[in-house]
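# Breakdown of the fold
Listed below, chain by chain, are the residues.
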Amino acid sequence: DDLMLNSGILTCDALNRYYEPQYEANKTDKVFLEKLIKFYDQSGCDRADLYVAASEQMYAIVPGPQSAHQLAVLFIAKNDFIKAATYLKEAVGGGDVDNDTKAEWYYELSLVNRYNKNYCDAISNSRKAVSLKSDYGKAYIVMGDAIIDARTNLGDDFEQRTAFWVAADKYAKAKSVDPSVTAEANKKLNDYASQYPNHEEVFFRDMKDGDSYQVKGCINEYTTVRSRK
């Protein structure tokens, strides 16, 4: 095996021609799957359909959070974000994973949730990410983005605009805990300030700047009233 791998003659097409006729009959054989995965991986063919199928089969035989995460990454590369979300959920639910790694996986899951338009899940999973890693600026950024995405479930135009207040809270928090995201956070804060309700809208709701306000729905947070300048 090592001689074949080191020879450089194993192209992806050659591996497909060799393994495809054997796959169905041997897909429950752990040793066969290990060899297939090793050859495809070390030959740079880790985006091939057979490699992905074999990796899923191996996960079915020997499940675990690391292998679930590896599968999620494979499906992200193949633009299959539904399956990616499925395996990321498996990964974050596994044991023996340190908090920083699990926080990263929750962050990745929140990104995939947004792509799949599951905005409430994106909010929930980004919250889990920062609960495990309090200085995770990128997770606060995606939380703010998902809060804006989820605003259409809030009701009328005024209520939807209140989501921008909560998102601003998250962008401000992001740069306060993680200076590396300051430029991105400031841009979003500046861009989205124009989406706040105007002064008249706030007044006719019997509110004023600085009041506390609860944004409901799956956002479900208290924030501060701010009118558009």
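Presented here is a report on the structure given in the accompanying data block. (Residues numbered from 1 in each chain as written. Predicted model: local features only at pLDDT ≥ 70, side-chain atom pairs only at ≥ 80, totals over all residues. Heavy atoms only, no water.)

Of the regular secondary structure elements, the chain holds 13 helices and two strands. Here the chain has a C-alpha radius of gyration of 23 Å; the compact-globule value for 229 residues is 17 Å, and the former is much larger. Its C-alpha atoms put the chain at 75 × 35 × 30 Å along the principal axes. Counting every position in the chain, which comprises 229 residues, the buried fraction comes to 42%. (Helix = DSSP H or I, 4+ residues; strand = E, 2+ residues; numbered from the N terminus. Rg over C-alpha atoms; globule rule 2.2 N^0.38 Å. Buried < 20%, exposed > 50% of the residue type's maximum accessible area, 1.4 Å probe, protein only.)

Now for helix α4 (residues 49-61). Here α4 spans 19 Å end to end across 13 residues, near enough to the 18 Å set by a 1.5 Å rise per residue. In this structure, the buried side of α4 is in contact with α2 (12-26), α3 (30-42), α5 (65-77) and α6 (81-92). (Expected span 1.5 Å × (residues − 1). Contact = heavy atoms within 4.5 Å.)

Moving on to the pattern of salt bridges. The tally for this structure, following the rule as stated, stands at 15 salt bridges. Among the salt bridges present, the one from Asp 191 reaches Lys 187, with a minimum N-O distance of 2.8 Å. Of the two residues, Asp 191 and Lys 187 both sit in helix α12 (residues 182-192), four residues apart, roughly one turn of that helix. Lys 208 is the salt-bridge partner of Asp 211, the closest N and O atoms lying 3.2 Å from each other. A relative accessible area of 22% places Asp 211 in the partly exposed class. On the basis of relative accessible area, Lys 208 is assigned to the exposed category, the value being 55%. Each of Arg 114, Asp 145, Asp 149 and Lys 188 takes part in salt bridges that share partners, so that together they form one network. (Salt bridge = Lys/Arg side-chain N within 4 Å of Asp/Glu carboxyl O.)

Attention now moves to the packing of helix α9 (residues 137-149) against helix α11 (residues 163-177). The packing of two helices is summarised by the inter-axis angle and the distance between the axes. In the contact formed by α9 and α11, the axes pass within 8 Å of each other and the chain directions differ by 175°. By the angle class used here, α9 and α11 are roughly antiparallel. Of the residues in α11, those touching α9 at Gly 137, Tyr 140, Ile 141, Met 143, Gly 144, Asp 145, Ile 147 and Ile 148 are Ala 163, Phe 164, Val 166, Ala 167, Lys 170, Tyr 171, Lys 173, Ala 174 and Val 177. Its residues assigned to classes, the contact of α9 with α11 comprises twelve nonpolar, two polar and three charged. (Axes fitted to C-alpha atoms, helices over the stretch in contact; angles between N-to-C directions. Parallel < 35°, antiparallel > 145°, perpendicular 65-115°, else oblique. Nonpolar A, V, L, I, M, F, W, Y, C, P; charged D, E, K, R; others polar.)

Attention now moves to the state of the cysteines. Applying the stated rule across the entire model yields two disulfides. Between the sulfur atoms of Cys 12 and its disulfide mate Cys 45 the distance is 2.1 Å. Judged by the torsion about the S-S bond (-95°), the Cys 12/Cys 45 disulfide is left-handed. Taken as a pair, Cys 12 in helix α2 and Cys 45 in the loop between α3 and α4 lie far apart in primary sequence, 33 residues in all. Since its relative accessible area comes to 2%, Cys 45 is described here as buried. (Disulfide = S-S within 2.5 Å.)

Bringing the pairing of strand β1 (residues 212-215) into the picture now. Along β1, the buried face is formed by Tyr 213 and Val 215; none of Ser 212 and Gln 214, which line the opposite face, is buried. In the sheet, β1 pairs with strand β2 (residues 221-224) via four bridges, with the strands oriented antiparallel. Following the sheet pairing, Val 215 is matched in β2 by Glu 221. Linking β1 back to β2 in an antiparallel pair, the connection comprises five residues, with Gly 217 at a positive phi of about 65°. (Pairing = 2+ DSSP bridges.)

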